[in-house]
Amino acid sequence: MREAAHPGRIAAYPAQNLSSEATRTPGRPPGDAAGRVARKSTTREPIIQEPEPFEPEATRREAGVAESARANRGWWDRNADEYQIEHGTFLGDDRFVWGPEGLDEAGAELLGPPGELKGRDVLEIGAGAAQCSRWLAAQGAHPVALDVSHRQLQHALRIGGTFPLVCADAGALPFADGSFDLACSAYGALPFVADPRLVLREVHRVLRPGGRLVFSVTHPIRWAFPDEPGPEGLSVSASYFDRTPYVEQDEDGRAVYVEHHRTIGDRVRDVVASGFRLVDLVEPEWPVWNTSEWGGWSPLRGNLIPGTAIFVCERD
């Protein structure tokens, strides 16, 4: 989840399995009675970070598959350290959270009851530091954590786990047909790709018949509002129907970060056209316990307009 952007099909390159053996097996988060608070993340450890060499210009303009791919792979590699430092404690080391609202898979059970995850093969797309995969492994599942950013997966490797880490393009998954029972993506890949159907069709290919895909994205209505957590973020400033991508570019006009907008209807059509059946669409409400701000997500806005949309899909 990008904390400061509005609210990436990457050119295929060889998959890299960064780890197959863990350095340790993290424990389950202690949590409160509702399981909401994770164990303090080791991502708060000092990390050497290379700062951005310039202040990018934010604009709305077209950005295709290749440009979006290059920009976002580079952005996440450069900013993975800062992202994990800022959000590592909220995300935890082994917590499965669907978005800034703090909806936990442990309670939501969108992939199914935790007790039924044991032995299931699960693909996490856009895994970052693989917090969700770590939680899945603790339930007895067999996750594979995939991300386009090598640096993000270095954080996953540093924290540890007993599952593979694969650096690859979500639009060209390096897996055989029917390799997985489940697939999940918490704000990973789909908000950043110019053609989400490329990713969805690949996920459909690697899922077994009856497999389930659950993915979360910025709620499309947020694109009509300024990306501000305060009152200034409550007035409509753009057309909800304007699909022009949000782009951050350098002084030469070269994109360094891209997000793509799809309406709710667009997302549903993408899901169906890719061979899935939409089972549920979840719009998490902002919980009372969550007093944190995450870029444009905040208690003020979260109590008035949705911030996250979660699509629950099944492969027939």
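See above for the structure.
The paragraphs below set out a description of the structure included in this document. Every residue gets a number counted from 1 within its own chain, in the order that chain's sequence is written. For this predicted model, a pLDDT threshold of at least 70 governs which residues receive local features, and a threshold of 80 or more governs which side-chain atom pairs are given and counted, while totals over whole chains, interfaces and linings are taken from all residues. Here the side-chain values reflect all heavy atoms present in the structure, with hydrogen atoms and water set aside.

Here the focus is helix H3 (residues 131–138). Using a 1.4 Å probe on the protein chains alone, a residue whose accessible area is under 20% of its type maximum counts as buried, one over 50% counts as exposed, and one in between counts as partly exposed. To qualify as a helix, a DSSP run of H or I must reach at least 4 residues; to qualify as a strand, a run of E must reach at least 2; elements of each kind are numbered from the N terminus. Taken across its eight residues, H3 has six buried, putting it largely inside the fold. Buried within H3 we find Gln131, Cys132, Ser133, Arg134, Trp135 and Leu136. Two residues or fewer after H3 comes glycine 140, characterised by a positive phi angle close to 95°.

Further remarks concern the packing of helix H5 (residues 196–206) against helix H6 (residues 264–273). In this analysis an axis means a line fitted to C-alpha atoms, helices contributing only their contacting stretch, and an angle means the value between N-to-C directions, from 0 to 180 degrees. Relative orientation of the contacting elements H5 and H6 amounts to 40°, with a least axis distance of 9 Å. As the angle between them shows, H5 and H6 are arranged oblique. For the pair H5 and H6, the crossing hand works out as right-handed. Listed contacts from H6 to Pro196, Arg197, Leu200 and Arg201 of H5 are Arg267, Arg269, Asp270, Val271 and Ala273. Gly falls in the polar group here, along with every residue not listed as nonpolar (Ala, Val, Leu, Ile, Met, Phe, Trp, Tyr, Cys, Pro) or charged (Asp, Glu, Lys, Arg). Split into classes, the residues belonging to the contact of H5 with H6 amount to four nonpolar, no polar and five charged. An angle counts as roughly parallel when it lies under 35 degrees, as roughly antiparallel when it exceeds 145, as roughly perpendicular when it falls between 65 and 115, and as oblique in every other case. Handedness of a helix crossing follows the sense of rotation of the near helix relative to the far helix, less than a right angle counterclockwise being left-handed and clockwise being right-handed. What makes two residues a contact is simply this: any of their non-hydrogen atoms within 4.5 Å.

With that out of the way, let us pick up the sheet that holds strand E9 (residues 255–259). Following DSSP output, two strands are said to pair if at least two bridges run between them. Taken in spatial order, the three strands make up an open sheet running E2-E8-E9, and their pairing is antiparallel. If you trace the sheet from one side to the other, it starts and ends with strand E2 (57–60) and E9, each paired once. Adjacent strand axes in the sheet meet at a mean angle of 25° when their direction is disregarded. Note that E2 and strand E8 (residues 246–249) share four bridges and pair antiparallel.

On to the packing of helix H1 (residues 65–91) against helix H4 (residues 150–159). Two elements in contact, H1 and H4, have axes whose closest approach is 7 Å; the angle formed by their N-to-C orientations is 40°. Taken together, the residues of H4 that come into contact with H1 (itself represented by Trp76, Asp77, Ala80, Asp81, Tyr83 and Gln84) are His150, Arg151, Gln152 and His155.

Positive phi outside glycine occurs at alanine 130, with the angle close to 65°. As for its placement among the helices and strands, alanine 130 is situated in the loop between strand E3 (121–125) and H3. Using a relative accessible area of 0% as the deciding quantity, one classes alanine 130 as buried.

This next bit is on the pattern of salt bridges. Oppositely charged side chains are able to pair whenever their charged atoms sit close together. A pairing counts as a salt bridge when a side-chain nitrogen of Lys or Arg comes within 4 Å of a carboxyl oxygen of Asp or Glu. Tallied over the entire structure, the rule returns 16 salt bridges. Across the salt bridge formed by arginine 212 and glutamate 314, the nearest N and O atoms sit 2.6 Å from each other. Taken as a pair, arginine 212 in strand E7 (residues 207–218) and glutamate 314 in strand E11 (residues 308–315) lie far apart in primary sequence, 102 residues in all. Owing to a relative accessible area of 19%, arginine 212 belongs among the buried residues under this scheme. Using a relative accessible area of 18% as the deciding quantity, one classes glutamate 314 as buried. The residue glutamate 314 makes a salt bridge to arginine 277 at a minimum N-O spacing of 2.8 Å. Placement of glutamate 314 in strand E11 and of arginine 277 in strand E10 (residues 276–282) is noted, with a sequence separation of 37 residues between them. Since its relative accessible area comes to 41%, arginine 277 is described here as partly exposed. Among the charged side chains, a salt-bridge network with shared partners connects Arg120, Asp121, Asp181 and Arg208.

What follows covers H5. Considered for burial, the residues of H5 that qualify are Pro196, Val199, Leu200, Glu202, Val203, His204 and Val206. Of the surrounding elements, those touching the buried residues of H5 are E3, strand E6 (180–186), E7, H6, E10 and E11.

Moving on to the nonpolar core. Counting 27 residues, the largest nonpolar core has Leu123, Leu146, Phe175, Val203, Leu213 and Phe215 as its most contacted members. Of all the secondary structure elements, the ones that give two or more residues to this core are E3, strand E4 (142–147), E6, H5, E7 and E11. Sequence-distant contacts of leucine 146, that is, excluding residues within four places in its chain, are made with Leu123, Glu124, Ile125, Gly126, Ala127, Val166, Ala168, Ala170, Leu173, Pro174 and Phe175. Throughout this description, the term nonpolar core refers to a set of buried Ala, Val, Leu, Ile, Met, Phe, Trp, Tyr and Cys residues connected via side-chain atoms within 4.5 Å. If you look at the next biggest cluster of nonpolar residues, it comprises 17 residues, including Leu110, Leu117, Trp135 and Ala186.

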